[in-house]
Amino acid sequence: MSASQTSFADAASMVDLDRYPIANLAAADGAAFTEKRHREYVATGLCMLHGFIRPDALAVLASEAGGLLDKAYFCRSAHNAYLAEDDGITDDDDVSHRLEETYVGSVAYDLIHEDAALKRLYKWNPLKDFIAAVLGKPVLHRFADMMGACSINVFRDGGEHGWHFDESEFTVTLMLQPPEEGGAFEFVPKIRGLPDEKAIVAKVLDGARDGVVELPFTAGTLLIFGGRQTIHRVTKVHGKRPRLVPVLCYSEEPGSTNSPEVRKLFWGRTGLEPQPVLEAGP
Ligand SMILES: [Fe+2]
């Protein structure tokens, strides 16, 4: 039996509930804390909870993720900041023509052991309900995608994620293991839709640092991030120790999944492949 199977059977025991009273949002302290974090998210597009995961649970989560590295699928791509085709944009100087590099791996949800502490945390309803409350959503559902529900991003030596706006409104990540060097999360808050949005994007892509915020990687931090409004990137990682960041996905509608094309891009399979036929034994 692994360490994760003998400890943290209850997801609540992984979370520092003294500091972050999210187990019961109907209680006075839980309601007040959540309301404060909601206001902060609306104002900044960010909710960052340092030390969300207790140190002993963090060690288990990092060890589990570290044991799955050979199951990560790596994808190298070039994309613009909008993660969209630039067809139809005739202005040669438009920022949509400028490409950024991304090289990242991901361990698919269906390759993480059913008893893993990460899956217990993801399936813990109070966490889902707290995230919904921070975002101001009446309800959230766990994502129903077999690979993308809760995957683990792996940035090994040379890994990076170029400047971009997310397609999804929000992203929830858990800072699990910092790399030896690099791998900083940088962003320019809430610039989407501003009259000078594209001028700001152009400056950021040129390397201007005004307005760029860098979040230190502190293991155990839970981050709720409004990535559609805020351009962001992960700087290039160096060294032997990979940067490990689980991504917890939720949806406002039940049963939501990625398309087979997206699964193929991020995890190398559609999920629709025929299963191998096992030969009958003698
Ligand atoms: Fe992103």
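Each remark here, short or long, concerns the structure printed above.
Residues numbered from 1 in each chain as written. Predicted model: local features only at pLDDT ≥ 70, side-chain atom pairs only at ≥ 80, totals over all residues. Heavy atoms only, no water.

General note: in soluble globular proteins, nonpolar side chains tend to be found buried as a group. Formed by 51 residues in total, the largest nonpolar core has its most connected members in Phe52, Leu127, Ile131, Ile224 and Tyr250. Setting aside residues no more than four positions away along its own chain, Ile224 makes contact with Tyr41, Gly45, Leu46, Cys47, Phe130, Ile131, Val134, Leu135, Thr171 and Val172. Residues Phe155, Met175, Leu215 and Val245 belong to the second largest nonpolar core, which totals 14 residues. (Core = buried A, V, L, I, M, F, W, Y, C linked by side-chain atoms within 4.5 Å. Buried < 20%, exposed > 50% of the residue type's maximum accessible area, 1.4 Å probe, protein only. Contact = heavy atoms within 4.5 Å.)

The subject of this paragraph is the packing of helix H2 (residues 28-44) against helix H5 (residues 125-135). It is the contact of H2 with H5, at a shortest axis distance of 7 Å, that shows an interaxial angle of 50°. Of the possible angle classes, the one that applies to H2 and H5 is oblique. Across the interface between the two elements, Phe33, Thr34, Arg37, His38 and Tyr41 of H2 pack against Phe130, Ala133, Val134 and Leu135 of H5. Each residue belonging to the contact of H2 with H5 can be placed in one class, and the counts come to six nonpolar, two polar and one charged. (Axes fitted to C-alpha atoms, helices over the stretch in contact; angles between N-to-C directions. Helix = DSSP H or I, 4+ residues; strand = E, 2+ residues; numbered from the N terminus. Parallel < 35°, antiparallel > 145°, perpendicular 65-115°, else oblique. Nonpolar A, V, L, I, M, F, W, Y, C, P; charged D, E, K, R; others polar.)

Summarising burial for strand S3 (residues 100-107): seven of the eight residues are buried, a large majority. Inspection of the sheet shows S3 paired to strand S6 (residues 160-164) by two bridges, in the antiparallel sense. Considered in S6, the bridge of Thr102 is made with His161. Examined bridge by bridge, S3 and strand S5 (residues 150-155) share three bridges and lie antiparallel to one another. When the sheet's bridge partners are listed, Gly105 is paired in S5 with Val154. (Pairing = 2+ DSSP bridges.)

Okay, the packing of aromatic side chains next. In the structure shown here, the tally under the stated rule is 11 aromatic pairs. Centre to centre, the rings of Tyr20 and Phe33 are 5.7 Å apart; their planes meet at 50°, and the pair counts as tilted. In this pair, Tyr20 sits in the loop between helix H1 (3-6) and H2 while Phe33 sits in helix H2, placing the two residues 13 residues apart along the sequence. We note that Tyr20, like Phe33, is buried. Between Phe185 and Phe187, the aromatic rings sit 5.9 Å apart at their centres with planes inclined by 40°, giving tilted as the arrangement. Side by side, Phe185 and Phe187 carry an identical accessibility label, which is buried. One aromatic cluster in this structure is built from Tyr20, Phe33, Phe52 and Phe130. Above the ring of Tyr109, the side-chain terminus of Lys119 is found at 4.2 Å from the ring centroid. Over the face of the ring belonging to Phe155 we find Arg243, whose NZ or CZ atom lies 5.0 Å from the ring centre. (Phe/Tyr/Trp six-rings, centres within 6.5 Å; stacked < 30°, edge-to-face > 60°. Lys NZ or Arg CZ within 6 Å of the ring centre and 35° of its normal.)

This brings us to unusual backbone geometry. Backbone geometry at Leu83 places phi at a positive 50°, although glycine is not the residue there. Overall, Leu83 belongs to the partly exposed group, its relative accessible area being 30%. With phi around 50°, Lys190 is a residue other than glycine that occupies positive phi space. With respect to the helices, strands and loops of the structure, Lys190 is situated in the loop between strand S9 (185-188) and helix H6 (197-205).

The next point concerns the pattern of salt bridges. Scanning the model with the defined rule gives 16 salt bridges in all. Between Lys137 and Glu169 there is a salt bridge whose closest N-O contact spans 2.8 Å. Taken as a pair, Lys137 in the loop between H5 and strand S4 (141-142) and Glu169 in the loop between S6 and strand S7 (171-174) lie far apart in primary sequence, 32 residues in all. Look at Lys137 and you get buried, because its relative accessible area is 14%. (Salt bridge = Lys/Arg side-chain N within 4 Å of Asp/Glu carboxyl O.)

Structurally, His141 is set in strand S4. Exposure remark for His141: the relative accessible area of 24% places this residue in the partly exposed category. Distance in space between the C-alpha atoms of His141 and Tyr250 is 5.5 Å, their sequence separation being 109 residues. Setting aside anything within four residues of it in sequence, one finds His141 in contact with Lys128, Cys249, Tyr250, Ser251, Glu252, Glu253 and Pro254.

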